[in-house]
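A closer look at the structure
Letter by letter, the chains look like this.
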Amino acid sequence: MRIRSAIEVLEWNSDGKETLSDMIQQMIANLYEQGQIFQGLRIGDRVVRDGFEEFVKQQADVSPQTEVVIESVDETLLMNDIYSDMTGYLPKLIKALDSISELLYGHMSNEDWTYFSQLIEGIHWFMSAAHGLRHHIERLRPTSPLLGALTRFESEAEERVAELNEALSQKDYTAAGDQLKYEWSELLLALQESFGDGGAL
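Described in the following lines is the structure provided in the data block. Everything numeric here is computed off the predicted structure, so don't read it as measured data. (Residues numbered from 1 in each chain as written. Predicted model: local features only at pLDDT ≥ 70, side-chain atom pairs only at ≥ 80, totals over all residues. Heavy atoms only, no water.)

1. Focus on the nonpolar core
- Counting 37 residues, the largest nonpolar core has Ile123, Phe126, Phe153, Leu180, Trp184 and Phe195 as its most contacted members.
- Counting residues per element, the ones that place at least two in this core are helix H3 (75-103), helix H4 (110-140), helix H5 (145-169) and helix H6 (173-195).
- Tallying contributions element by element places H4 first for this core, with ten residues.
- Among residues more than four places away in sequence, those in contact with Leu180 are Leu97, Ser101, Leu104, Phe116, Leu119, Ile123, Leu164 and Ser185. (Core = buried A, V, L, I, M, F, W, Y, C linked by side-chain atoms within 4.5 Å. Buried < 20%, exposed > 50% of the residue type's maximum accessible area, 1.4 Å probe, protein only. Helix = DSSP H or I, 4+ residues; strand = E, 2+ residues; numbered from the N terminus. Contact = heavy atoms within 4.5 Å.)

2. Some points on the pairing of strand E5 (residues 67-74)
- Bridge count between strand E1 (residues 2-4) and E5: three bridges; the pairing is parallel. Directly across from Arg2, in E5, lies its bridge partner Glu67.
- Two elements, strand E3 (residues 36-43) and E5, share seven bridges in a ladder whose sense is antiparallel. If you follow Phe38 over to E5, its bridge partner there is Ser72. (Pairing = 2+ DSSP bridges.)

3. Regarding the sheet that holds E3
- The strand order E2-E1-E5-E3-E4 describes an open sheet built from five strands, whose pairing is mixed. The strands lining the two open edges of the sheet, one partner per strand, are strand E2 (9-11) and strand E4 (46-48). With strand direction ignored, the average angle separating the axes of adjacent strands in the sheet is 25 degrees.
- Its contacts with the sheet put helix H1 (residues 20-33) on E1, E2, E3 and E5, and the angle it makes with E5 is roughly 25 degrees. (Axes fitted to C-alpha atoms, helices over the stretch in contact; angles between N-to-C directions.)

4. Here's the deal with a negative patch on the surface
- Taken together, the side chains of Glu156, Glu158, Glu159 and Glu186 make up a negatively charged region of the molecular surface.
- Looking at the negative patch element by element, the count peaks at three residues for H5.
- Judged by relative accessible area, which is 58%, Glu186 ranks as exposed. (Patch = residues over 30% accessible without salt bridge, like charges linked within 9 Å, V, L, I, M, F, W, Y side chains within 5 Å. Areas by Shrake-Rupley, 256 points an atom, 1.4 Å probe, with all protein chains shown as cover. Salt bridge = Lys/Arg side-chain N within 4 Å of Asp/Glu carboxyl O. Lys, Arg positive; Asp, Glu negative; His and termini not counted. Charge placed at Lys NZ, Arg CZ, Asp CG, Glu CD.)

5. A closer look at the pattern of salt bridges
- Under the definition given, this model contains ten salt bridges.
- Of the charged contacts, one joins Glu102 and Lys181 as a salt bridge, the two residues approaching to 2.7 Å between their closest N and O atoms. Taken as a pair, Glu102 in helix H3 and Lys181 in helix H6 lie far apart in primary sequence, 79 residues in all.
- Judged by relative accessible area, which is 40%, Glu102 ranks as partly exposed.
- Since its relative accessible area comes to 14%, Lys181 is described here as buried.
- Between Glu163 and Arg160 there is a salt bridge; the shortest N-O distance is 3.8 Å. Of this pair, Glu163 and Arg160 both sit in helix H5, separated by three residues, roughly a single helical turn.
- Taken together, the shared-partner salt bridges in this structure form one network comprising Asp98, Glu102 and Lys181.

6. Looking at the environment of Leu191
- Within the element layout of this structure, Leu191 appears in helix H6.
- For the pair Leu191 and Met127, spaced 64 residues apart in the sequence, the C-alpha separation amounts to 12 Å.
- Contact partners of Leu191, with chain neighbours within four places excluded, come to Leu90, Phe126, Ala149, Leu150 and Phe153.

7. Some details on unusual backbone geometry
- Positive phi is not limited to glycine here, since Lys171 has a value of about 55 degrees.
- You can see Lys171 is positioned in the loop between H5 and H6.
- Looking at Lys171, the relative accessible area reads 61%, which means it is exposed.

Given below as structure tokens:
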């Protein structure tokens, strides 16, 4: 079986000591060292992005002529896209914090809870994107002033999430509203200042 990536092509056979999954994992690690981010495995018309280990096991007995392609994307290009998305999303998130937090001060309808859930999903997406961006900058641009801003944001955001969860578990919706309206907004506004115009990193 042939395994192809952007930087190497290897042959795997079931008689060898290395498992198919181990070979693919090593090739993904090699890609990462060359600034490439794994996107998925392609076998024929099928692409698997998550939980590919089980998929790989199923392919171990297929024809030796089968080719597995490890798809990847340049890390810097990906991070620039994420940075641009974050910069564009930040003003919308700040605005949503202000309006949706108001709902928590009164009786919450089912529709209100839907808006609240969407806001929380947005916050979690932003935190996940910030984590990836911070990791990228830490590895490749450790002198960037944005690194400190993202590190502070991550640390404080984790504390805010714990506080918000505590308020919600106590059904203290007024406290939850205050946290979103003031503390979260302040946190995101500070990061927005560090982001600048959202151009390339």
